[in-house]
Every structure is written in structure tokens, then in C-alpha cells.
Amino acid sequence: MDAASLAMPLLRLLPPETAHNTTICLLAKGLAPRSREADDPILATRLWGLDFPNPVGLAAGFDKNAQAYHAILGLGFGLTEIGTVTPRPQPGNPKPRLFRLTEDNAVVNRMGFNNDGIEAVLPRLRGPRAGILGINIGKNKDSTDAVEDYVTGATAFAPLADYLVVNVSSPNTPGLRDLQRREPFLELARAVRAARDAACAKAGRTPPPLLLKIAPDLDAAQIEDVAEVAMTAPADGLIVSNTTIARPDSLRSIYRAEAGGLSGAPLFEPSTEVLRRIAGLTQGKLPLIGVGGIASGEQAYAKIRAGASLVQLYSALVYHGPGLLGRIKRDLAARLRADGFASVAEAVGTGRDR
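Counting from 1, residues in each chain are numbered in the order their sequence is written. The predicted origin of the model limits local features to residues at a pLDDT of at least 70 and limits the giving and counting of side-chain atom pairs to 80 or more, whereas totals for whole chains, interfaces and linings rest on all residues. As a rule here, side-chain values come from all non-hydrogen atoms in the structure, and water together with hydrogens is ignored.

Within an unreviewed UniProt entry, the label attached to the protein chain reads Dihydroorotate dehydrogenase (quinone), and the organism entered is Oceanibaculum indicum. UniProt positions are given in the numbering used here, feature names are shortened, and annotations may be inferred rather than shown by experiment. As stated in UniProt under Pathway (unreviewed entry), the record for the protein chain gives "Pyrimidine metabolism; UMP biosynthesis via de novo pathway; orotate from (S)-dihydroorotate (quinone route): step 1/1." Quoted verbatim from the Subunit (unreviewed entry) heading of the UniProt record, the comment on the protein chain is "Monomer."

K.L.:
Tell me about unusual backbone geometry, and please be specific about residues and values.
P.N.:
Trans peptide bonds make up most of the peptide bonds, and negative phi angles are found at most residues other than glycine. For the bond running from G83 to T84, omega is 15°, close enough to zero to count as cis. Per the convention used, a helix needs a DSSP run of H or I reaching at least four residues, while a strand needs a run of E reaching at least two, with both numbered from the N terminus. Turning to its location among the elements, T84 is positioned in strand β4 (residues 79–85). Note that the residue after K95, namely P96, is joined by a cis bond; omega there is -5°. Of note, P96 is situated in the loop between β4 and β5 (98–101). Positive phi is not limited to glycine here, since W48 has a value of about 55°.

K.L.:
I'd love a proper account of the UniProt feature "binding site: substrate" (unreviewed entry) in the protein chain, names of residues and values included.
P.N.:
Here the UniProt-annotated "binding site: substrate" (unreviewed entry) positions come out as K64, N109, R110, M111, G112, F113, N167, N172, N242 and T243. Assignment of secondary structure puts F113 in the loop between β6 (106–109) and α4 (118–121). Judged by relative accessible area, which is 4%, F113 ranks as buried. What makes two residues a contact is simply this: any of their non-hydrogen atoms within 4.5 Å. Those residues within four positions of F113 in sequence are excluded, and the remaining contacts are T84, T86, Q90, G138, K139, N167, S170, T173 and L176. Its location among the elements puts N172 in the loop between β8 (163–167) and α6 (182–203). In this scheme, a residue with accessible area under 20% of its type's maximum is buried, one over 50% is exposed, and one in between is partly exposed, where area comes from a 1.4 Å probe on protein chains only. A relative accessible area of 10% means that N172 is categorised as buried. In protein, a polar contact requires one atom able to donate a hydrogen and another able to accept it; more generally it is a pair of N or O atoms within 3.5 Å, and residues adjacent in sequence count only if both atoms are side-chain atoms. Polar side-chain contacts of N172 include one of 3.2 Å to the backbone oxygen of N109.

K.L.:
Mind laying out the side chain of R276, listing which residues take part and the relevant values?
P.N.:
Within the secondary structure layout, R276 lies in helix α8 (residues 268–282). Of the residues examined, R276 reaches a relative accessible area of 13% and is grouped as buried. A polar side-chain atom of R276 sits 3.2 Å from a polar atom in the side chain of E273.

K.L.:
Break down the pattern of salt bridges for me, citing the residues and quoting the values.
P.N.:
Put simply, a salt bridge is a Lys or Arg side-chain nitrogen that is within 4 Å of an Asp or Glu carboxyl oxygen. Across all of its chains, the model carries 17 salt bridges by this definition. D142 is the salt-bridge partner of R88, the closest N and O atoms lying 2.9 Å from each other. Residue R88 is found in the loop between β4 and β5, and its partner D142 is found in the loop between β7 (133–137) and α5 (146–157); the two are separated by 54 residues along the sequence. For D142, a relative accessible area of 54% puts it in the exposed group. Bridged by salt links that share partners, the residues R193, R196, D197 and D236 form one connected network.

K.L.:
Describe the pairing of strand β13 (residues 310–313), naming the residues involved and giving the relevant values.
P.N.:
Side chains L310 and Q312 of β13 all project onto a buried face; the interleaved residues V311 and L313 project onto the opposite face, where all are buried too. The pairing criterion is simple: DSSP has to find at least two bridges between the two strands. By the bridge criterion, three bridges tie strand β3 (residues 56–58) to β13 in an arrangement that is parallel. Following the sheet pairing, G57 is matched in β13 by Q312. By definition, the crossover connecting two strands over a helix is right-handed if that path, from the first strand to the second, turns clockwise as seen with the strands pointing away from the viewer. Crossover strand β12 (residues 288–291) to β13 through helix α9 (residues 297–306) is right-handed.

K.L.:
Go over the packing of α8 against α9 with me, naming the residues and quoting the values.
P.N.:
Following both chains from N to C, one finds α8 and α9 inclined at 25°, their axes separated by 8 Å at the closest point. By the angle between their axes, α8 is roughly parallel relative to α9. Between α8 and α9, the residues in contact are F268, S271, T272, L275, R276 and A279 and Q299, A302, K303 and A306, respectively. As a working rule, the residues Ala, Val, Leu, Ile, Met, Phe, Trp, Tyr, Cys and Pro are called nonpolar, Asp, Glu, Lys and Arg charged, and the rest polar, with Gly in that last group. Per-class residue counts for the contact of α8 with α9 are five nonpolar, three polar and two charged. All axes here are fitted lines through C-alpha atoms, helices being fitted over the stretch that makes contact, and every angle between N-to-C directions spans 0 to 180 degrees. The scheme is simple: roughly parallel for angles under 35 degrees, roughly antiparallel for over 145, roughly perpendicular for 65 to 115, oblique for anything else.

Written out as C-alpha cells, the structure reads:
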């Protein structure tokens, strides 16, 4: 049993946000186990000209301020994503704002894009790194020009990102999800793409892929709009999905009625269904990252077969710790071989028309 496994029960005794901040501090200080297990070659994935050692990443929201991404990659993730970062620092919503729904293997958060802002985060991203890093950008809560906020983020971070994410789907910033409507979404995507290209031309580097992160609470018409905008703008991929504002009747925790975004086990089915529908609409022409409720190799495989080229997790780590990552990767590799696939890419979308 490693130190991380021993620490998990102690961290769960702390209030959720305190436990999270303590974990970030420990990781930032280098007090984290490094993966000693080489990734199975069948998990290697090439996408957007990037080589991922495996398709399992850590979602945004964990390392908001780029304090621990080196250690996170050292745990064995194939990619990690910092943020959401806004142009100016902001404290987020009043506490408490993070809740464990233990009986449901779920989490509710209404953090509100609490982060240190671009000026503080930028210096932490300079220098070499061993792994693939996404940078997730957003708008300030009190901003009067959302597009300008995203353009500012893209201008600052595009030259440093392996991939860049536009987050318009958090439920915790008033009005943010309205940006997913067709016309505002298209305007935003085109503006950010232009800012990315200009910043990278000035820096003398190839622009990183631009991804749009969407909500799971879209109706059929909205899903069609998102797919069309992503193909028209064009974007280089979609992340499906963020947390949900829905509250399934199956929830048992006393925190089930807390406002905010629900993640974890209850999000798996609805987010996978949106992923499958997006994959069908884009006909495999747009790479997708599947997020929501993954806690096993079986679930990671289901996302891939629904159309995801990569997957991300977060909430399951609250309950299962970092050892979960190795178990997911081993099981995923076994499932690929059992079904006769030679790579992750071969399996992508094979269950889309179930």
C-alpha cells in the first residue's frame, strides 16, 4: 500500500474543499507516487499530431491554477487539463460550495471559476514538461464582454497549450451556458480561433487544437446546433461533457438538493448518450473527449465505443484514489484485445449505432 492509499481515508475526514486543497498542496510538493507501470502499447493514441501514451486524462477543475500538473502526469495519466482560468483572478462562489454525495458516488460543486487569473498562472506553464497539457479558459463572472474574455485567454495560453479548451458549459457562472446557443457559440468559436492563430503566429509555433466543452443538459435541437457550430467554426474537437444541473430521483445523499453541477456516477449515462449523439451527427469527423461518471475500464471503453477518442475522469478519484487509474488502463487494454482491436483508435465509435 502506497502513501496515497494510506492518505485517502484521512483526506475523506476533511471537508471536501479542504481535502482538495490539501491534495493539490501535497502533489505540488512532490509528495505523490509516480507510476512504475509502463503503459500497455495498445493504449497509445495519436490525435491532432500529439502522441498520448494512453487515452485516460484528468479533467479540468482539479488543478485549476497549474500547481500540480507535473505530478499529475507522473501518476500515469495520458493527459491532464488545467483551469478553468479567467482573465482576472476571482474568488468564486461563497463556501461551502463542494459536496460529497457518498451514497451516490457523486459530487456537487458550485465553485464558480475560482482561480488565480492569467497573470499568476502563466509563469507556472513555462519550461519543459513530460506529458500532454490542456488549458481550459473561461470568462469572469462580472465581465461585460464574454467574447473578449475568451480572446484574452486564447491569446495568453495558445502558445503554451498542447490543446486549448473553451468552457461555455459550467452551470456555476450566470449566463455562461447561453453561449452554447448557435449564433453566440459560432461567434465565440471563430473569435477564439482567430486569436489562437494570431498568438501562435507571433510566437512562431503551430496552433494547438481548439476544443469546445459542452453541457450534458442539451435538448435535441441544441445538440444539433453544437455539432454544426463545431464543424463550421471550425473547432478541432468537443469535450462531452461538463457537469449536469439535473437531479435524478435515484439520488440518496442529503446533499442532493444543493445547487451546482452534479458529477460522478449519475452523470455516466446522460453524458454518454449526448456523446453518442454528437458522434453520430459529426460522423467521426470531429475528435471527441468523453467525460462524465467514468470509474472503471468498462465505462472508459463504453465512452470510446460511443465515439470518444480520449476520456477524462475526476470525481471517481474522490472515492477510489489514484490507484483507480492503473486499474482502468489495465482493464481497458484487456477489453480492447478481447474484442479484437489492435488500438484505441480502432474501437472509437464502434458502439455508436447500438
